[in-house]
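Here are the chains, one letter per residue:
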Amino acid sequence: MELAGELTGAEITVRCLQEEGVEYIFGYPGGAALHIYDALFRQDKVKHILVRHEQAAVHAADGYSRSSEKIGVALVTSGPGITNAVTGIATAYMDSIPMVVISGQVPSTMIGEDAFQEVDAVGITRPCVKHNFLIKDVRDIAPTIKKAFYLARSGRPGPVLVDIPKDISFQKTTFNYSDPVVIRSYNPPGEGDMNQVRKAIQLLMTAKRPMMYSGGGVILSGASAELTELVRLLGFPCTNTLMGLGAYPATDKLFVGMPGMHGTYEACMAMQNCDVLIAIGARFDDRVVGKVEHFNQVQRKIIHLDIDPSSIAKRVKVDVPVVGDLKRVLNQFLVELRSIKQKPNAADLAVWWKQVNDWRFKGGGLKYNNSTEIIKPQYVIEKLYEVTGGDAFVTSDVGQHQMWAAQYYKFIKPRRWINSGGLGTMGFGLPAAMGVQLINPGATVACVTGEGSIQMNIQELSTCKQFHLPIKVVSLNNRYLGMVRQWQEFFHGNRYAESYMDALPDFVKLTESYGHIGMRIDKPSDVEPALREAFSRKKDLVFMDFQTDPTENVFPMVPGGKGLSEVMLDPNMPHPEVEDL
Amino acid sequence: MRHIISLLMENEAGTLSRIAGLFSARGYNIESLSVAPTEDPTLSRMTIVTSGSDAVIEQINKQLNKLIDVVAVMDLSDGEHLERELMLVKVPAAVAASEAFKRAMAVFQGRFIDTSNSTCTVELTDIGVKLDEFLQAVGRDQILETVRTGASGIARGERILKL
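Residues numbered from 1 in each chain as written. Chains lettered and ligands numbered in written order. Predicted model: local features only at pLDDT ≥ 70, side-chain atom pairs only at ≥ 80, totals over all residues. Heavy atoms only, no water.

Along the backbone of chain A there are 21 helices and 19 strands. Here the C-alpha atoms of chain A give a radius of gyration of 25 Å, agreeing with the 25 Å that 2.2 N^0.38 yields for 581 residues. Along the longest, intermediate and shortest principal axes, the C-alpha atoms of chain A span 85 × 60 × 40 Å. Taken over 581 residues, chain A has a buried fraction of 61%. Partitioning the contacts of chain A with sequence separation of at least 6, the portion at a separation of at least 24 is 77%. Accessible surface, chain A as shown: approximately 22300 Å² in total, 52% of it carbon and sulfur. Separation between the mean location of the 60 positive side-chain charges and that of the 63 negative ones in chain A comes to 5 Å. (Helix = DSSP H or I, 4+ residues; strand = E, 2+ residues; numbered from the N terminus. Rg over C-alpha atoms; globule rule 2.2 N^0.38 Å. Buried < 20%, exposed > 50% of the residue type's maximum accessible area, 1.4 Å probe, protein only. Contact = heavy atoms within 4.5 Å. Areas by Shrake-Rupley, 256 points an atom, 1.4 Å probe, with all protein chains shown as cover. Lys, Arg positive; Asp, Glu negative; His and termini not counted. Charge placed at Lys NZ, Arg CZ, Asp CG, Glu CD.)

Another aspect to go through is the layout of surface pockets. The volume enclosed by the second largest pocket comes to roughly 1200 Å³. Around the second largest pocket sit 42 residues that line it, and Y93, D308 and S310 of chain A together with Q63 and K66 of chain B are the ones nearest its centre. Secondary structure elements with two or more residues in the lining of the second largest pocket: α4 (80-94) of chain A together with α1 (15-25), α2 (54-66) and β4 (70-75) of chain B. Grouping the amino acids of the lining of the second largest pocket by side-chain chemistry returns 17 nonpolar, 11 polar and 14 charged. (1 Å grid on protein atoms, 1.4 Å probe; cavity = no way out; pocket = protein on both sides within 12 Å on 5 of 7 lines; lining within 4 Å. Points joined across faces, edges and corners; volume = space filled by probe spheres on them. Nonpolar A, V, L, I, M, F, W, Y, C, P; charged D, E, K, R; others polar.)

This part is about the domain arrangement of chain B. All names here are of chain B. Taken domain by domain, chain B consists of domain 1 (2-78) and domain 2 (82-152). In this assembly, domain 1 packs against domain 2 so that about 420 Å² is buried in total across both faces, 44% of it on carbon and sulfur atoms. E83 is paired through a salt bridge with R2; the nearest N and O atoms lie 2.8 Å apart. Applying the counting rule to domain 1 against domain 2 returns three residue pairs in polar contact (both at pLDDT 80 or more). Sorting the residues of the side of domain 1 that touches domain 2 by element identifies β1 (2-10), β2 (32-37) and β3 (43-51) as the ones contributing at least two each. With three residues, β2 is the largest single contributor of residues to the side of domain 1 that touches domain 2. Of the residues that constitute the side of domain 1 that touches domain 2, the class distribution is three nonpolar, three polar and one charged. (Domains from an automatic or database assignment. Buried area = accessible area lost by both parts, 1.4 Å probe. Salt bridge = Lys/Arg side-chain N within 4 Å of Asp/Glu carboxyl O. Polar contact = N/O pair within 3.5 Å; in protein donor to acceptor, adjacent residues only side chain to side chain.)

It is worth spelling out the nonpolar core at this point. Residue and element names in this part refer to chain A. By size, the foremost hydrophobic cluster in this structure holds 104 residues, and its most contacted members are L305, F333, M544 and F546. Residue assignment places this core across two domains, with domain 2 (194-363) and domain 3 (377-547) each supplying three or more. Apart from residues no more than four positions distant in its own chain, L305 is found in contact with I278, A279, I280, G281, V322, L326, V329, L330 and F333. (Core = buried A, V, L, I, M, F, W, Y, C linked by side-chain atoms within 4.5 Å.)

Turning to the interface of chain A and chain B, a few remarks are in order. With 17 residues of chain A in contact, the opposing surface of chain B contributes 18 residues. Here chain A and chain B share an interface that buries about 1500 Å² over both sides, 47% of which is from carbon and sulfur atoms. In terms of surface lost to chain B, no three residues of chain A exceed R126, R184 and S185 of chain A, which account for 42% of the buried area on that side. At the boundary of chain A with chain B, the tally comes to two salt bridges. One salt bridge connects D308 of chain A with K66 of chain B, and the closest N-O pair in it is separated by 2.7 Å. The residue inventory of the side of chain A that touches chain B, partitioned by class, reads six nonpolar, four polar and seven charged.

Okay, here's the thing in structure tokens:
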């Protein structure tokens, strides 16, 4: 019996998206998702962006999330639709990005029969989602999607998958989205324990060589202002991880640069040699602290602020853990610090800053040997920073260009630096930029990439054409998989196994064939004029194919398996000797 | 060190594989795992016997807690606790009739639960090492087959794992 006011599962799915205020979703249709696509067609609140590959749909939803405080949504079909989406889901999971992925599934009556385009979506995504659901009853669709959004955004955020069998998307029931979400087993932390906050502050006050190390958690929690205030109140050196760039302004004198494998000399040395380290929404990743045994050789006290208890004491021993939402926890720190009137010991701090500045002097900052003959990739990023006034959204792919962008584009705001930090997914940059551009219309969006990465999702130039996305692609084309080549040069006896990119397309013609503007830039003197020309074209996607020095390496570098103080500096640059601790 | 972890989880399809998947993905040991619904049919209770350094056990507890379907986790090894495992053993009728077997049955408080013309099946409930001792006493070559449930655990006294 059909009751008045009943909706199909597909219609309910779309109504849920409307209720969540979703403006854009990214997807690709297919058999099992057709009822949902039909429901999308018959409304105009939720706009669908048709990508050219499901991986790109998920990266676009990811960029949408990272560059705003909203939740990106991707919609894919069963089988290859969901398997293609897995790389994107894993990318979001590793960086704790809130996201909801809806996948069509074969009819529930056929599950397990190896039906056409059947894959166990819940099984195949289980290790790379915060949670996932297979819908078994049309009445579960609305409460489950509501749960999915709640889980994605609360606590430590992450992607959540909802798999909807085709028959269920066509069954009918009444729609109700008003019931609150109750998950008895899930209570995300709020404020930190005040006793732990006080203990942490006491440690900070007695520190002689303090160091602040913040990560992506600060950005996810929207706590950049609180972090900035805390750093300035304490006057301690501050480093932001690759995921945390922009949380503290990179132009500030208390900022010592990024730590880790391609961090600055001073950030690496200060991380290694500090006596009290406060980690804020960071997870002591292997690319940040290097070899743990080496890191542990120095006696230091560690304070760790994180929303996820399992991030605490995972790789290093922690002396004072504080579990909570960082925005609230950092506020607790600020309130307590102002009330106790105690200040860090100025004399000790001055000695420590002298040491940190000596390291900064020895490291020589981020410098490279520029050339008038050949384009240096770092030079392109420096000019990109100048031309965009340091205020662009910058997405990147993965490799050398990613590290140069992280080093040389001085991010001063959160959510401006969009990159795949944890999973290191090549092909992320262009589709992510699409999501960024859609949620930030009118903003300047640059995708820093290389000729290797861009080819992993270059088909999205077609999506950009269809939806008029004026992204500026800054491709550092060195005819090598540069980071692979760099490791082969350093650690594999210059044997460049499969790292040479032969038979490259003519990127200008390729871009033009997609209906965009292509530029090839060969000379250093043309770099800035080309960027100015490209960024002045507010309505056009411009692909800049910069022919860069194929031999350039990323420095500083902490080789894999080495410790932070074993950081290698650019041998071609001067590094004056300074006194070490 | 050996730890015995007890947890309450949503009695739903897929929860078991989330837990098993967590252990394999993160390289944790599972010595045994036993699970069944509780008196509240929406909940299942699982007992996991695992081993690892203190840091690994701490991570196992945290990672289990992080799973959305896991409602409560208790490391029983943190306090005094009881554990029991059920074992069924099938032996040839001739073995079951032997004095040695009967002695072992008496010592380990086994129960005869099934006989056929040529076989006999017994049931024992005890801690794992006692069951091992029984098997040793009977002798491996005397045994047709065995099946064990893995340990179920519960804390002693007032310590309770309940929602």
